Structures are given as structure tokens and as C-alpha cells.
Amino acid sequence: MENNKRYEAGKQAMEELFSQEVRTGMEEMKKVSPDLWEMIVSFGFGDLYSRKTLSFAQREIITLTTLITQGAFDQLRVHLQAALNVGLSKEEIIEIIIHCAGYVGFPKAVHAMGIAGEIFKESEETHNK
């Protein structure tokens, strides 16, 4: 895929996954490193998320588990929001985190569950406005 098409596909995927507020926050990276930003949008979302075989929800399940495994909790926060945006339920996300506990340990799972609780609360507050 041409670079411009990859970038545009990545931007489109990000619009489906993330709220405008999250995207705006993520775009702050452009000020620090436009090159890294272009790589994330073009490769991460243009090449990976835009592939056809898996749905966004399936991709978010994979992403959540890998972020929990790595202890990448800042990124986990935005992908928990994305998981809700693409249709994963609160119960499914809780089950993903519980399942991870057996493989990555309770400290990472407990930390992830705490973040999930914050995201669920924020999501409920947003939807109740």
C-alpha cells in the first residue's frame, strides 16, 4: 500500500477505535516526533488494524492481552476505551483480564482491572450525560 494510502487507512481505523478526545491526545506525539507518529498511524493502524480477516473487536482482544502482558498500562487505557467503542462488553473485558491473570500474574491483572474500572466509570459518566 502506498504511504499516503496507508496513513489515510490508519487515520480511518483510529476514528473508529478512538474518541476525538483520545485521538487529539495521541496526536500530541506529532509535535515531538512526526516520524514516529507517521509510523504508528501508517503501520500500526493502516497496515495492521486495517487488514480484513479479523474484526476490530478481535484485534482489541489481542491488543489488550499483549498490553497487559507487557505491563504497558498507559496504552492499555486507550485500548480499553477502543475495545468498548468497537463493541466489547464490560463483562468480556473483565473476563479477558481474569484470563490473563493465569499467564501474566496477579499483579499485572490487578493493575489492569483497576484501570478497566476507571475506564468503565468514565464511559458510564460519558453515556449518562
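Above this text you will find the structure in question.
The rules we used
Counting restarts for each chain: residues are numbered from 1 in the order of the written sequence. Totals for whole chains, interfaces and linings use every residue, but because this is a predicted model, local features are given only for residues with pLDDT of at least 70 and side-chain atom pairs only at 80 or more, for both listing and counting. The side-chain numbers reported here are obtained from all heavy atoms of the structure, hydrogens and water having been left aside. Whenever a carboxyl oxygen of Asp or Glu lies within 4 Å of a side-chain nitrogen of Lys or Arg, that contact is scored as a salt bridge. Numbering goes from the N terminus for both helices and strands, where a helix is a DSSP run of H or I of at least four residues and a strand is a run of E of at least two. Between N-to-C directions, angles span 0 to 180 degrees; the directions come from axes that are lines fitted to C-alpha atoms, helices contributing only their stretch in contact. Angles below 35 degrees are treated as roughly parallel, those above 145 as roughly antiparallel, those between 65 and 115 as roughly perpendicular, and all remaining angles as oblique. When the near helix sits turned anticlockwise from the far one by under a right angle, the crossing is termed left-handed; a clockwise turn instead gives a right-handed crossing. Residue contacts are counted whenever heavy atoms from the two residues lie within 4.5 Å of one another. Asp, Glu, Lys and Arg are counted as charged, while Ala, Val, Leu, Ile, Met, Phe, Trp, Tyr, Cys and Pro are counted as nonpolar; the rest, among them Gly, fall into the polar class. Any Phe, Tyr or Trp ring, taking Trp's six-membered ring, that has another such ring centre within 6.5 Å forms a pair; planes under 30 degrees apart are called stacked, those over 60 apart edge-to-face, and the others tilted. Exposure categories follow from relative accessible area, calculated using a 1.4 Å probe and restricted to protein chains: below 20% of the type maximum is buried, above 50% is exposed, and the middle band is partly exposed. The term polar contact refers here to a pair of N or O atoms within 3.5 Å; inside protein, the definition further demands a hydrogen-donor-capable atom paired with an acceptor-capable atom, and it admits residues adjacent in sequence only when both atoms are side-chain atoms.

Novice: Describe the pattern of salt bridges, listing the residues and the values that go with them.
Specialist: Applying the stated rule across the entire model yields four salt bridges. For lysine 11, the salt bridge goes to glutamate 8, with nearest N and O atoms at 4.0 Å. Residue lysine 11 and its partner glutamate 8 are located together in helix α1 (residues 3-17), separated by three residues, close to a single helical turn. Of the charged contacts in the structure, one is a salt bridge between glutamate 28 and lysine 31, with a shortest N-O distance of 3.2 Å.

Novice: Help me get a handle on the packing of helix α6 (residues 73-85) against helix α8 (residues 106-127), residues and values and all.
Specialist: Direction vectors running N to C along α6 and α8 enclose 45 degrees, while the axes themselves pass 10 Å from each other. For the element pair α6 / α8, the angle class is oblique. In this structure, α6 meets α8 at a crossing whose hand is right-handed. Along its contact with α6, which presents Phe73, Leu76, Arg77, Leu80, Gln81 and Leu84, the element α8 presents Lys108, His111, Ala112, Ile115, Ala116, Glu118, Ile119, Phe120, Glu122 and Ser123. Partitioned by chemical class, the residues of the contact of α6 with α8 number nine nonpolar, three polar and four charged.

Novice: Summarise the packing of aromatic side chains; cite the residues concerned and give the values.
Specialist: Summed over the entire model, instances satisfying the criterion amount to three aromatic pairs. Centre to centre, the rings of tyrosine 49 and phenylalanine 56 are 6.1 Å apart; their planes meet at 55 degrees, and the pair counts as tilted. By relative accessible area, tyrosine 49 is classed as buried at 9%. Three or more aromatic residues joined by ring pairs make a cluster, and in this case those are Phe18, Phe45, Tyr49 and Phe56.

Novice: Lay out the side chain of serine 42 in plain terms, naming residues and giving numbers.
Specialist: Considering the arrangement of structural elements, one finds serine 42 in helix α4 (residues 34-49). For serine 42, a relative accessible area of 0% corresponds to the buried category. Reaching out from serine 42, the side chain makes a polar contact with the side chain of glutamate 38 at a distance of 2.6 Å. Every residue in contact with serine 42, bar those within four places of it in the chain, is listed here: Asn3, Arg6, Tyr7 and Asp47.

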